[in-house]
Amino acid sequence: MAAPTVEYTIGGVKIQFPCKAYPSQLAMMNSIVRGLNHGQHCLLESPTGSGKSLALLCSTLAWQQAQYGKLDLCSPAEVKKPAVTTPCQCVCHSKPVARLKPQATAIIDLTSSPEVVKMSGYFVLLCVPQSPLVSCSLCPCAMAKGGQKAAEGKSSKDAKKKQVPKIFFGTRTHKQITQVTHELKRTLYSSTPMTILSSRDHTCVHPDVVPHSNRNERCKELLEAKNGMTCRFKNGVHKMQDQNTLQWVHGLHQAWDIEDLVGLGGRLRACSYYAARDLMQDACIVFCPYNYLLDPLIRESMQINLDGQIVILDEAHNIEDCARESASYTLNRPQLLSAREELDGMVTHNIRPSHHEPLRAFCCSLLNWMQESCSVLAERDFETSCKVWDGREVLGLFYTMGITADTFGMLQKHLEAALEKEERVGLVNGREETVEVSTISSATSSVLKSLFMVLDFLFRDKSRFAEDYRVALQQSYMWTVAPDVPDPQGFFTRPNRRRPGARSKALVYTLSFWCLNPAVAFSDLSGRVRCIVLTSGTLSPMGSFSSELGVKFSIQLEASHVISKSQVWVGTLGSGPQGRKLCATFQHAETYAFQDEVGALLLRVCQAVGRGVLCFLPSYKMLDKLCDRWTNTGLWNKLEERKTVIKEPRGGGKGDFDELLQIYYDAIRISGEATGDRALLMAVCRGKVSEGLDFTDDNARAVVTIGIPFPNIKDLQVELKMKYNDQHCKARGLLSGSRWYEIQAYRALNQALGRCIRHKNDWGALILVDERFGNNPNRYISGLSKWVRNLVKHHDTFGAAMQSLVCFSQCQQGAGERHGAASQPFNSTDIMPPASLSPVTVEELSSCHPSQSPSTDSLLWATVHNTTASQASAPNTQLEVPRSWVHPETAGSTGVIFIFMYIHIDILLNKFCGGSWSTLRGLIGVSVDN
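Residues numbered from 1 in each chain as written. Predicted model: local features only at pLDDT ≥ 70, side-chain atom pairs only at ≥ 80, totals over all residues. Heavy atoms only, no water.

What follows is about the sheet that holds strand β8 (residues 194–196). With parallel pairing, 7 strands are arranged side by side in an open sheet as β8-β9-β7-β10-β18-β3-β19. Edge positions in the sheet fall to β8 and β19 (555–558), since each has one partner strand and no second. Across the sheet, the axes of successive neighbouring strands diverge by a mean angle of 15°, strand direction being ignored. In the sheet, β8 pairs with strand β9 (residues 285–289) via 3 bridges, with the strands oriented parallel. Residue Met194 lies in a different strand from β9, and its bridge partner there is Ile285. Here helix α19 (residues 519–526) sits on the sheet and contacts β10 (310–314) and β18 (531–536); the angle it forms with β18, its principal contact strand, is near 130°. (Pairing = 2+ DSSP bridges. Helix = DSSP H or I, 4+ residues; strand = E, 2+ residues; numbered from the N terminus. Axes fitted to C-alpha atoms, helices over the stretch in contact; angles between N-to-C directions. Contact = heavy atoms within 4.5 Å.)

Laid out in structure tokens, this is it:
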């Protein structure tokens, strides 16, 4: 039986929630419903692990259902008879099928369907074999009369349905889509019609395409029937392109993942890629990576229409970068040469010459301009040169080529005509046959479409976006390896040592059209959609989003975390075990002293914290340098003696990365059962590990960040963006270039720190290593997420920090052992019930001794002596302690503060200190009076 749901009414919308909502979830749902009701955009930050996805799904789907109710339409999840008249593919014509669907609260109406019998909380659907002349009402071969009747009322219902917005739910990666659909399964909205848009790399099931290195190219060859072969899977897409058929014939009753659709496509020999696209028509919620929604070329190819729709962008901390990239384009000279040569061949063979000739002239003009501009390149760095033009200058250059706003419109029409499929009657082997007219390759088409996309932005609305572009021509060198040449007999010889001249440097020219304003791409969304919801666990600092994206976010929220303060340890370290200062700037990070100190620090953290530890570095370059240094000094071996060490790869395929992750998870799971230790993952901020991966419970008991991950200041694009912001900060309300630069670092840092706490019972330590955090907290701490910012503690010495960290880790593990679960957080109320506590001020504590009422063998009385008055807490600060402990019999002596710790003595002594009071004193770092 499904767990009973809780109903919340927010803004007039009844929301069915699968459990009692946290305050942060209620705040999110309230903000979302307000935004949907009034058509306002929302900017919502809720920490990872606080149930953000559930709140997003339940609130938006409940609002959507309420809109269907207002228009007297049936609920989207209600069962309907398919009106498709295709040959029967239903298994129910061959044998009886019983489908069981557990539902605790929702009742499904199966009017005019096979008999429904309610048994023990399940609805049993009995599908009885019928005569071949009579079709089952649940499969696509419904009776012709029924199909006609359904078609009569379909047009009016479709008109009403269009008034209800679809929900487009965008995330950064496909792995995050998997996590969101898993959350959707937990809700009463799990049977909502849905689809997942994805690339052929994730969805193609054709055995001839899957092994191919370029699946897009191979798929298009089959679709165009080149070489006489067609795609039989595309021909079978009708078997799974209807929502009702998918749910009630093929068994995908509840929210499904892309793997479910791919598996079904393989069984039915039907194309999952095109089925997912067709399912979008009747879907109420569409999941996809959010570049599908931002990139105009992808929106066009996937036929995504966002007019009046709801757009949710989850994990939107990188949305500014993604928006800029979607309006930018970079190509090299060989790509442009290849496109020109192909167009030249089309003209030579008299294939649509009137359309291909202007496109060839465009490529020739661009190549000539690149060639002429090589003489004005200025040296920038070692073996690199460049020249940068702003958008207005580039429009002037295009004008000299004869490309203006008017002529560009003509070029667009020529490209559309050149890509149209056309069949003509021609002679084939002496016989007249219908043949398809050749079109340019997908590579050439992609080059032209991308260039025209940029030009469209440059010419749009009287060139209002021209100031937002920079065009850079760069010259650099790339190492190439000469291919092996066969001998006269046709054999390849590969000597043991490669020939000295095999590697050579080749000159490379790249032309980049960089959009420096994310509002350019976002302008296609903000003016068309009903509501945009940006959400993430790490949006802070939030001030830049409105100015950078050009969108007014009327509703903003920074939600608190669902965990208690005792479940997380947040500390900054400015020095290492040897007392050396740690500042991870470029100058310091290159020294052996810094690298050795960081290594010694990481080893001590691994000794103090069991299970999984994540270490994030600012760049792959620093990761490689540290690993090389530690290997030479022997520190790497010491780390491996303590834990299984995994290093995040710089590149490589997805399969290789997943395999390394599995090694990490297995090391924690297997070793954890035996010794409770053994896994360290070395990763990079903005890398694969820091984005969207779930390191719950023992998989991340500590996250160590080394330095502050600022972008590469020498990167040309970063430099141009900073200058652009400085130029427009006053007129457009943008952040200054330096402030924008810092925010990029904070977002990457917050994302890395968010890998640790993943649910309300999780616990872990966040260790920020860099002296800048302690030296200038107003500048460097203010950029952290709210829930981290409020818990940060600066440690003056490494020893004090380690004592605090060891105590925290061991107390959390001990609490977990007492409650039979490692993930159960330590809570002082387990030892001293809240009813026995009452507010007591510091002044009262400074003049008291413990009474004899508490048992000396069950409570720890710790005192810290000779504390200076400047270190004392503020007057009248209230602490929760047993009132019976306070005896103001002795006059308070200045500079003495008593600190009470309510911890079971037997846990501290027996479990962690071997029964030794001296060990306990060393662990706590204070004098102990028993």
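So, next bit.
What follows deals with the nonpolar core. Ranked by internal contacts, the top residues of the largest apolar core, which has 137 residues, are Phe287, Ile319, Phe362, Leu451, Phe522 and Leu534. Setting aside its immediate chain neighbours within four residues, Ile319 contacts Tyr290, Leu294, Leu313, Phe522, Leu534, Phe545 and Leu549. Ranked by size, the runner-up nonpolar core spans 43 residues in total, among them Met622, Val704, Ala765 and Val806. (Core = buried A, V, L, I, M, F, W, Y, C linked by side-chain atoms within 4.5 Å. Buried < 20%, exposed > 50% of the residue type's maximum accessible area, 1.4 Å probe, protein only.)

The next point concerns the sheet that holds strand β23 (residues 679–684). Strand order in the open sheet made by the 7 strands is β22-β23-β21-β24-β25-β20-β26, with parallel pairing throughout. What marks the edges here is a single partner per strand, and that holds for β22 (645–647) and β26 (793–795). On average, each strand axis in the sheet is inclined to that of its neighbour by 20°, with strand direction left out of account. Sheet topology note: the strand β20 (residues 568–573)/strand β25 (residues 764–769) ladder contains 6 bridges and is parallel. Note on β25: the bridge partner recorded for Gly571 is Ile767.

With respect to the helices, strands and loops of the structure, Lys239 is situated in the loop between α7 (232–235) and α8 (243–248). When the C-alpha atoms of Lys239 and Val249 are compared, they prove to be 9.8 Å apart, with 10 residues separating the residues in sequence. A polar contact of 3.0 Å, which involves the side chain of Lys239, links it to the backbone oxygen of Leu268. (Polar contact = N/O pair within 3.5 Å; in protein donor to acceptor, adjacent residues only side chain to side chain.)

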